[in-house]
Amino acid sequence: MDGVTVIGHPLVQHKLTIMRKKETSTAGFRRLLKEISTLLCYEVTRDLELTTERIETPLVETDAPVLEGKKLVFASILRAGNGLLEGMLELVPSARVAHIGVYRDHETLRAVEYFFKAPDNINERLVIVVDPMLATGNSAIAAIEKLKERGARNIRFLCLLAAPEGIRNFQGAHPDVPIFTASIDSHLNEKGYIVPGLGDAGDRMYGTK
Ligand code: URA
């Protein structure tokens, strides 16, 4: 599918299967989410630009590669996005973090923002928006609208599971934003859950159900 990268790494797929199981505990789900998010982070940053820096090893001076540009921003869509942050920050400890709370008003269909806090200069940074589930796509679309209104131009979206309906909706709104996911599942059910899915990601990671 154009614009969508499915991260098929065997460790990602294996961990995802355990996360899907209904008998996996809250503690197990959280641990796996942290592990899998580190692997997903590795893949979503695979093509970052490098430059070189002159350094001195104990033996010689040499030009060694370092990341180019300003620090990355990880933008978490509340609340489930926070579950992906921990592992990602372990891999990129200097990343900046944005938190976005949005919902779609059912009557007006407008995105209502109830929380937004982002670092400065997001127009000059790569922003990786994270939310485990791309279901209808509505909250991801709304969150990215808000980031774009604040100047973000270089954006990627990372999730664990995506529904085909959500991908279509998302790409209709933000064709410039590549999607990275561990799986494209079958469909959305009548309640908006991804099938086969893993249930409510927020409830599973926080034990709220
Ligand atoms: N959000 C979830 O947490 N799970 C789904 O299946 C869909 C949306």
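These notes cover the structure that comes with them. Keep in mind that what you see is a predicted model, and the values were worked out from it rather than measured.

1. Structural notes on the site of the ligand
Thinking step 1. The ligand sits among Met133, Ala135, Gly192, Tyr193, Ile194, Gly199, Asp200 and Ala201.
Thinking step 2. Between the ligand and isoleucine 194, the relevant distance is 2.8 Å, taken from an oxygen atom to a main-chain nitrogen or oxygen of the residue.
Thinking step 3. Measuring from a nitrogen atom of the ligand, one finds a backbone N or O atom of glycine 199 at 2.8 Å.
Thinking step 4. Out of a free accessible area of 240 Å², the ligand has 82% covered by protein chains.
Thinking step 5. In this structure the site holding the ligand corresponds to the largest pocket.
Thinking step 6. Class assignment for the residues of the shell around the ligand results in 5 nonpolar, 2 polar and 1 charged.

2. As for the side chain of arginine 156
Thinking step 1. When you line up the elements, arginine 156 lands in strand β9 (residues 154-162).
Thinking step 2. Side-chain polar atoms of arginine 156 contact the backbone oxygen of valine 44, separated by 2.8 Å.
Thinking step 3. Once you skip the residues sitting within four places of it in the chain, arginine 156 turns out to touch Val44, Asp47, Leu48, Leu126, Val127, Ile128, Val129, Val177, Pro178 and Phe180.

3. Considering the packing of helix α2 (residues 26-44) against helix α3 (residues 82-91)
When two helices pack together, their arrangement is given by the angle between their axes and by how far apart the axes lie.
Thinking step 1. It is the contact of α2 with α3, at a shortest axis distance of 7 Å, that shows an interaxial angle of 55 degrees. One way to sum up the angle between α2 and α3 is to call them oblique. Handedness of the α2/α3 crossing: right-handed. In this structure, α2 contributes Leu33, Lys34, Ser37, Thr38, Leu40, Cys41 and Tyr42 to the contact, and α3 contributes Gly83, Leu84, Glu86, Gly87, Met88, Glu90 and Leu91.

4. A short note on the pattern of salt bridges
Thinking step 1. Within this structure, the stated rule accounts for 14 salt bridges.
Thinking step 2. Linking arginine 20 and aspartate 185 is a salt bridge whose minimum nitrogen-to-oxygen distance equals 2.8 Å. Taken together, the residues arginine 20 in helix α1 (residues 10-20) and aspartate 185 in the loop between β10 (179-184) and β11 (187-188) connect sequence positions 165 residues apart.
Thinking step 3. The exposure class assigned to arginine 20 is partly exposed, which follows from its relative accessible area of 22%.
Thinking step 4. Since its relative accessible area comes to 7%, aspartate 185 is described here as buried.
Thinking step 5. Among the ionic pairs, aspartate 176 bridges to lysine 148, the shortest N-O distance being 2.9 Å. Note that aspartate 176 is positioned in the loop between α5 (164-173) and β10 and lysine 148 in helix α4 (residues 138-149), a separation of 28 residues in sequence.
Thinking step 6. For aspartate 176, a relative accessible area of 44% puts it in the partly exposed group.
Thinking step 7. Each of the salt bridges in this network shares a partner with another, and the network as a whole consists of Lys15, Arg31 and Glu35.

Conventions used here
Residues numbered from 1 in each chain as written. Predicted model: local features only at pLDDT ≥ 70, side-chain atom pairs only at ≥ 80, totals over all residues. Heavy atoms only, no water. Near = heavy atom within 4 Å. Polar contact = N/O pair within 3.5 Å; in protein donor to acceptor, adjacent residues only side chain to side chain. Areas by Shrake-Rupley, 256 points an atom, 1.4 Å probe, with all protein chains shown as cover. 1 Å grid on protein atoms, 1.4 Å probe; cavity = no way out; pocket = protein on both sides within 12 Å on 5 of 7 lines; lining within 4 Å. Sits in = over half its atoms within 2 Å of the grid points. Nonpolar A, V, L, I, M, F, W, Y, C, P; charged D, E, K, R; others polar. Helix = DSSP H or I, 4+ residues; strand = E, 2+ residues; numbered from the N terminus. Contact = heavy atoms within 4.5 Å. Axes fitted to C-alpha atoms, helices over the stretch in contact; angles between N-to-C directions. Parallel < 35°, antiparallel > 145°, perpendicular 65-115°, else oblique. Left-handed = near helix turned anticlockwise from the far one by under 90°. Salt bridge = Lys/Arg side-chain N within 4 Å of Asp/Glu carboxyl O. Buried < 20%, exposed > 50% of the residue type's maximum accessible area, 1.4 Å probe, protein only.

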